[in-house]
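One letter stands for each residue in the lines below.
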Amino acid sequence: MVLINLNGEISTTASISVLDRSFLYGDSIYEVVRTFNGKTFALQEHLDRLRQSAAYCYINVPWSDAHIQAETKKTLQQAAFRAAYVRIVVTRGAEPEISLQPGPDIQPSLLIIVREISPEPVLAEQGARLSLIDRLRNDQQALSPAAKTGNYLNNILAQIEATQKGVDDALMLNARGELTEATTSNLWLVQDGMVRTPAVETGILHGITRHFLLQILQAHQIPHEETILKPADLSLAEEGFLSSSVRLIMPIAQVDDYQFPQCPGKLTYFLWQALLQVMDQHTRQ
C-alpha cells in the first residue's frame, strides 16, 4: 500500500499535471527518509539537504521545515505502517507555457509518498554484486551529484546497464577515472583496517547515512579517510559496502570478477550494529 500527500491532501491515487515541470523535465528535488521505532530518522538532516538542493536548482521552497515535518507526520499517522519509506518531493510547479525558462509566478508543489517496508532492518548476508560500468557519473560542473534532483537519467541508465550485465548495481567513475558511487548508494572499502570512502570532491551525493557512519568511525577511533579511490583499489580491499538511507548498509560480495574475501566483513558488521544503536538513540529522544 502507498499513501500520497499532495499539497496537504492525502489519498492513495494523487494526480499531478502533465504540465508540471517535474514530469516534463525532471525539474524537482527530493529526499528519502525511513522510519525507525515508529519515527522518521534524521528528518532534519534530510530537510537541510533538501534546501541545499533547492538553492542549487533555484527552486523556491515556501514551506517551513516545521510544516513539512507536520505533513510527513500526518501522512505517516494515517498510513499506520510499522515501518515506512518516506519520499519528500518539491516540484518547481506547472505552467500553461511549455518552456525551459520557468515563469516568475510559478508555484511549487509538495509531494510526500509513504510506503510500507520491513520493520526490522536486516544486514544482507549474501551481499550485492556490482559492475564498474563505462557510463560516467554526472560532472560536477554540469549537474552536480551533490544536489538530489528528480533528473535521475544518469543513474537510471547506469542501473539498466548493470542489470544487462547480470549484476545488482553499477559503480561509476568520474571523468578523471576516480571511483564515485553506485546508482543510489555511497561506496566504502576496507583495506588493512582502514575504512575508505570517496571524497565529496570526486562528485558524489553527501549521503546522510554516510554522514552518520563518519561520525561513528570518528567516535570509535577507527582509522578512516575520505579520499581519492581508483578502480585498482577495489581489488586491494578485504571488504566493502554501500550505504543509503533505506537499506542503511549493503555488503558488497563482488565487483566484476573480484570477490571480496569477507562479505559481510568484521568492520561492516560492527558499523551495522553501531548505526542501529545511533538510530535507536535518535528516534527515542
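Everything that follows concerns the structure shown earlier in this document.
Residues numbered from 1 in each chain as written. Predicted model: local features only at pLDDT ≥ 70, side-chain atom pairs only at ≥ 80, totals over all residues. Heavy atoms only, no water.

## Digging into the overall build of the protein chain
Summing up its helical and strand segments, the protein chain has 7 helices and 15 strands in all. Its C-alpha radius of gyration of 19 Å places the protein chain within 12% of the 19 Å reference for a compact globule of 285 residues. Over its C-alpha atoms, taken along the principal directions, the protein chain stretches across nearly 55 × 40 × 30 Å. Looking at the protein chain as a whole, 52% of its 285 residues are labelled buried. Partitioning the intrachain contacts of the protein chain with sequence separation of at least 6 by distance along the chain shows that 71% fall at a separation of at least 24. Of the roughly 13600 Å² of accessible surface on the protein chain, a fraction of 51% belongs to carbon and sulfur atoms. (Helix = DSSP H or I, 4+ residues; strand = E, 2+ residues; numbered from the N terminus. Rg over C-alpha atoms; globule rule 2.2 N^0.38 Å. Buried < 20%, exposed > 50% of the residue type's maximum accessible area, 1.4 Å probe, protein only. Contact = heavy atoms within 4.5 Å. Areas by Shrake-Rupley, 256 points an atom, 1.4 Å probe, with all protein chains shown as cover.)

## Let's talk about the environment of Ala-14
Mapped onto the elements, Ala-14 comes out in the loop between strand S2 (9–11) and helix H1 (21–25). It is 6.3 Å that separates the C-alpha atoms of Ala-14 and Ile-4, two residues lying 10 residues apart in sequence. With residues near it in sequence (within four places) discarded, Ala-14 still touches Ile-4 and Leu-6.

## Description of helix H3 (residues 65–79)
For H3, built from 15 residues, the straight-helix expectation of 21 Å at 1.5 Å per residue is met to within 8% by its first-to-last C-alpha distance of 21 Å. Within H3, the full set of buried residues consists of Asp-65, Ile-68, Glu-71, Thr-72, Thr-75, Leu-76 and Ala-79. End-on, the buried residues of H3 take up no more than an arc of 135 degrees, which puts them together on one face. Exposed and oriented more than 90 degrees from the buried face of H3 are Ala-66, Lys-73 and Gln-77. Ala-80 lies just past H3 and shows a positive phi near 55 degrees. (Expected span 1.5 Å × (residues − 1). Arc of directions from axis to C-beta.)

## Brief notes about the nonpolar core
Nonpolar side chains in soluble globular proteins tend to end up buried together. Within the largest apolar cluster, 25 residues are counted, with the highest numbers of intra-cluster contacts made by Leu-213, Ile-249 and Leu-275. Among the elements of the structure, strand S10 (186–191), helix H5 (208–219), strand S14 (248–255) and helix H7 (266–283) are those that each provide at least two residues to this core. No other element matches H7, which puts 8 residues into this core. Ignoring any residue separated from it by four or fewer positions in sequence, one finds Leu-275 in contact with Thr-209, Phe-212, Leu-213, Ile-216, Leu-248 and Ile-249. Counting 23 residues, the second largest nonpolar core, distinct from the first, contains Val-33, Ile-59, Leu-76 and Leu-110. (Core = buried A, V, L, I, M, F, W, Y, C linked by side-chain atoms within 4.5 Å.)

## Considering the packing of aromatic side chains
Enumeration over the complete set of coordinates arrives at 4 aromatic pairs. Ring plane angle 45 degrees and centroid distance 5.0 Å describe the contact between Phe-41 and Phe-212, whose orientation is recorded as tilted. In this pair, Phe-41 sits in the loop between strand S4 (39–40) and helix H2 (43–57) while Phe-212 sits in helix H5, placing the two residues 171 residues apart along the sequence. Of the two residues, Phe-41 and Phe-212, neither departs from the other in class, the shared state being buried. Residue placement shows Arg-87 over the ring face of Tyr-30; its charged tip is 4.0 Å from the ring centre. For Arg-115, the ring lying beneath its charged end belongs to Tyr-85, and the centroid distance is 4.3 Å. (Phe/Tyr/Trp six-rings, centres within 6.5 Å; stacked < 30°, edge-to-face > 60°. Lys NZ or Arg CZ within 6 Å of the ring centre and 35° of its normal.)

## Quick word on the side chain of Asp-169
Of note, Asp-169 is situated in strand S8 (residues 169–173). A polar contact of 2.7 Å, which involves the side chain of Asp-169, links it to the side chain of Thr-183. When residues no more than four places from it in sequence are discounted, the contact partners of Asp-169 are Arg-129, Leu-130, Ser-131, Gln-159, Ala-162, Ala-182, Thr-183, Leu-242 and Arg-247. (Polar contact = N/O pair within 3.5 Å; in protein donor to acceptor, adjacent residues only side chain to side chain.)

## Considerations on the packing of H2 against H3
Interaxial distance between H2 and H3 falls to 11 Å at its minimum, and their mutual angle equals 125 degrees. It follows from the interaxial angle that H2 and H3 lie oblique. Considering only the axes of H2 and H3, their crossing is right-handed. Counting all contacts with H2, which are made through Leu-43, Gln-44, Leu-47, Asp-48, Leu-50 and Arg-51, the residues of H3 involved are Asp-65, Ile-68 and Gln-69. (Axes fitted to C-alpha atoms, helices over the stretch in contact; angles between N-to-C directions. Parallel < 35°, antiparallel > 145°, perpendicular 65-115°, else oblique. Left-handed = near helix turned anticlockwise from the far one by under 90°.)

## Some remarks on the pairing of S10
Taking burial as the measure, the 6 residues of S10 include 5 buried ones, the bulk of the element. Bridge count between S10 and strand S13 (residues 239–244): 5 bridges; the pairing is antiparallel. Looking at S13, one finds that Leu-187 is bridged to Leu-242. Two strands pair when backbone bridges link them, and S10 and strand S11 (residues 194–198) are joined in this way by 3 bridges, in the antiparallel orientation. Counterpart to Gln-191 in the pairing with S11 is Met-194. (Pairing = 2+ DSSP bridges.)

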